[in-house]
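Fold and geometry: a report
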Amino acid sequence: MSNPSILILAGDGIGPEVMAEVKKIINWYGDKRSIKFDVSEDLVGGCAYDKHGTPLHDDTMAKAQEVDAVLLGAVGGPKYDDLDFSVKPERGLLRLRKEMDLYSNLRPAQCFDALADFSSLKRDVVAGLDIVIVRELTSGIYFGEPRGIITEGNERVGINTQRYTESEIARVARSAFELARRRNNKVCSMEKANVMESGILWRQVVTEIHQKEYSDVELSHMYADAGAMQLCRWPKQFDVIVTDNLFGDLLSDAAAMLTGSLGMLPSASLGAPMANGRPKALYEPVHGSAPDIAGQGKANPIACVLSFAMALRYSFDLGDEADRLEKAVEKVLADGVRTADLLGEEGVTPVSTSEMGDKIVEALDASLA
Ligand code: NAD
């Protein structure tokens, strides 16, 4: 049987720096665990524009459709700010998401004990937090028609349309229920069924899918505004939250801040299962290309490393190895190793991006002892 395949698209700015640390870890799995991946690399974003005049070449798009998982670093930077909208670096990422039909966006909010004091909330509210927000990514108000700015009488009117089909709701609901079964078996679905018809349909479809296919999973419903409040009040009450594109955008950013630094947040975007049963998948840190620190060895690679841990779990069925990698990150943090974004404690000297990667590899080694 051939090895599982990964396409690495490191991108721009700190993308290649943080991805270099993931490559060390991929090599570690090959050398020390005999888990080998067929890794290929290509360009996305500004670097692809520099070479091909487009942020995502058709050949790269075709490769992304074939592999078991895509790992992306980050795209963008000031050099590309004045480009036409159609060739901006971010268009490369959007094309990947759209053409791979990655409808289910998983954003974990996990607070490592060693970093609990970095949150703006009290330690006991966030320490040990481990939740995932599943955001519908390819439909809803960001895509619905009609949209635009029109003129009515003597004033302008801005229009966006929230639109969800039953099947769009059903597939993201299934994705959340499947995820909950691998975790603590609880899903909370959030919408605004009190004021939006699309919210009423959302609640109906999620309930139907639950009754027919996932009655072993605990399901609750919450209005999204109340959900935002509960996320700040007592986030540990949740396991998996499933919600639409707009509410997911807002709630996952709020949840992200529960955990401290942007340099710590991974994500996965999943689509329909391929012929081999694995979902189409793209894994990437939540952060951008951080031009302010690019090329200085200051970037925290942990978000990218944890994105690879998600790939181990969701694309390669290697949940134990994903646990091993997450525990290695936890150990390094517990040992007080910090990149510059995680400073705050007295007397701590920051390590570089590459030193952080080396420490994680050392902790992986120690996990075998
Ligand atoms: P950003 O996430 O790049 O940076 C925001 C702040 O967080 C900066 O101060 C940065 O130094 C810091 N930061 C981010 N990641 C870090 C890490 N791993 N370690 C340490 N510090 C980190 O967001 P921005 O500044 O708004 O955007 C910069 C560029 O990135 C823009 O061109 C934007 O369009 C692009 N962007 C890309 C993505 C993506 O590729 N998915 C996401 C967001 C922004």
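Residues numbered from 1 in each chain as written. Predicted model: local features only at pLDDT ≥ 70, side-chain atom pairs only at ≥ 80, totals over all residues. Heavy atoms only, no water.

When its secondary structure is counted, the protein chain shows 12 helices and 12 strands. The C-alpha radius of gyration of the protein chain comes to 21 Å, within 12% of the 21 Å expected for a compact globule of 369 residues. Considered along the principal axes of its C-alpha atoms, the protein chain spans approximately 60 × 50 × 50 Å. Per-residue burial over the protein chain gives 52% buried out of 369 residues. Once local pairs closer than 6 in sequence are excluded, the contacts in the protein chain between residues at least 24 apart make up 74%. Accessible surface, the protein chain: about 16,500 Å² in total, of which carbon and sulfur atoms supply 50%. Taken together, the 40 basic and 56 acidic charged side chains of the protein chain have centroids lying 2 Å from each other. (Helix = DSSP H or I, 4+ residues; strand = E, 2+ residues; numbered from the N terminus. Rg over C-alpha atoms; globule rule 2.2 N^0.38 Å. Buried < 20%, exposed > 50% of the residue type's maximum accessible area, 1.4 Å probe, protein only. Contact = heavy atoms within 4.5 Å. Areas by Shrake-Rupley, 256 points an atom, 1.4 Å probe, with all protein chains shown as cover. Lys, Arg positive; Asp, Glu negative; His and termini not counted. Charge placed at Lys NZ, Arg CZ, Asp CG, Glu CD.)

Attention now moves to the domain arrangement of the protein chain. In terms of domains, the protein chain is made up of domain 1 (1-107 + 263-369) and domain 2 (130-258). For domain 1 versus domain 2, the distance between C-alpha centres works out to 26 Å. Listed per partner, the contact involves 13 residues of domain 1 and 16 residues of domain 2. For the pair domain 1 and domain 2, the summed buried area comes to about 1,300 Å², and 52% of that belongs to carbon and sulfur atoms. Broken down residue by residue, the surface that domain 1 buries against domain 2 is led by Tyr 103, Asn 105 and Arg 107, which jointly contribute 51%. Our count for the contact surface shared by domain 1 and domain 2 stands at 3 salt bridges. In this structure, Arg 182 and Asp 317 form a salt bridge, with 3.6 Å as the shortest nitrogen-oxygen distance. At the surface where domain 1 touches domain 2, the tally comes to 8 residue pairs in polar contact (both at pLDDT 80 or more). Those elements that provide at least two residues to the side of domain 1 that touches domain 2 are β4 (104-110) and α10 (302-314). Top contributing element to the side of domain 1 that touches domain 2 by residue count: β4, with 4 residues. (Domains from an automatic or database assignment. Buried area = accessible area lost by both parts, 1.4 Å probe. Salt bridge = Lys/Arg side-chain N within 4 Å of Asp/Glu carboxyl O. Polar contact = N/O pair within 3.5 Å; in protein donor to acceptor, adjacent residues only side chain to side chain.)

Moving on, we come to α10. Compared with the 18 Å implied by 1.5 Å per residue over 13 residues, the 18 Å span of α10 between its first and last C-alpha is a close match. Summarising burial for α10: 13 of the 13 residues are buried, a large majority. (Expected span 1.5 Å × (residues − 1).)

Taken together, 21 residues form the shell around the ligand, and within it Glu 90, Gly 288, Ala 290, Asp 292 and Asn 300 come nearest. Here a nitrogen atom of the ligand sits 2.9 Å away from a polar atom, N or O, in the main chain of Asn 300. Protein chains shield 67% of the accessible area of the ligand, which is 800 Å² for the free molecule. In the shell around the ligand, the residues fall into 10 nonpolar, 7 polar and 4 charged. (Near = heavy atom within 4 Å. Nonpolar A, V, L, I, M, F, W, Y, C, P; charged D, E, K, R; others polar.)

Pairing geometry for strand β8 (residues 186-191) and strand β9 (residues 218-223), over 6 bridges, is parallel. Following the sheet pairing, Met 190 is matched in β9 by Met 222. Of the crossover connections in this fold, the one passing from β8 over helix α7 (residues 197-213) to the parallel β9 is right-handed. (Pairing = 2+ DSSP bridges. Right-handed = clockwise from strand over helix to strand, strands pointing away.)

Here we take up the sheet that holds strand β2 (residues 38-42). With mixed pairing, the 10 strands of this open sheet are ordered in space as β2-β1-β3-β12-β11-β4-β5-β10-β8-β9. Here the strands that pair on one side only, and so sit at the sheet edges, are β2 and β9. Strand-to-strand twist in this sheet, taken as the mean axis angle between neighbours without regard to direction, amounts to 20 degrees. Looking at chain direction, strand β5 (residues 130-136) and strand β10 (residues 240-243) are connected through 4 bridges and run parallel. When the sheet's bridge partners are listed, Val 132 is paired in β10 with Val 240. Set on the sheet, helix α1 (residues 15-33) makes contact with β1 (5-11), β2 and β3 (69-74); between it and β1 the angle comes to about 155 degrees. Along the sheet, helix α8 (residues 224-233) makes contact with β5, β8, β9 and β10, crossing β9 at roughly 105 degrees. (Axes fitted to C-alpha atoms, helices over the stretch in contact; angles between N-to-C directions.)

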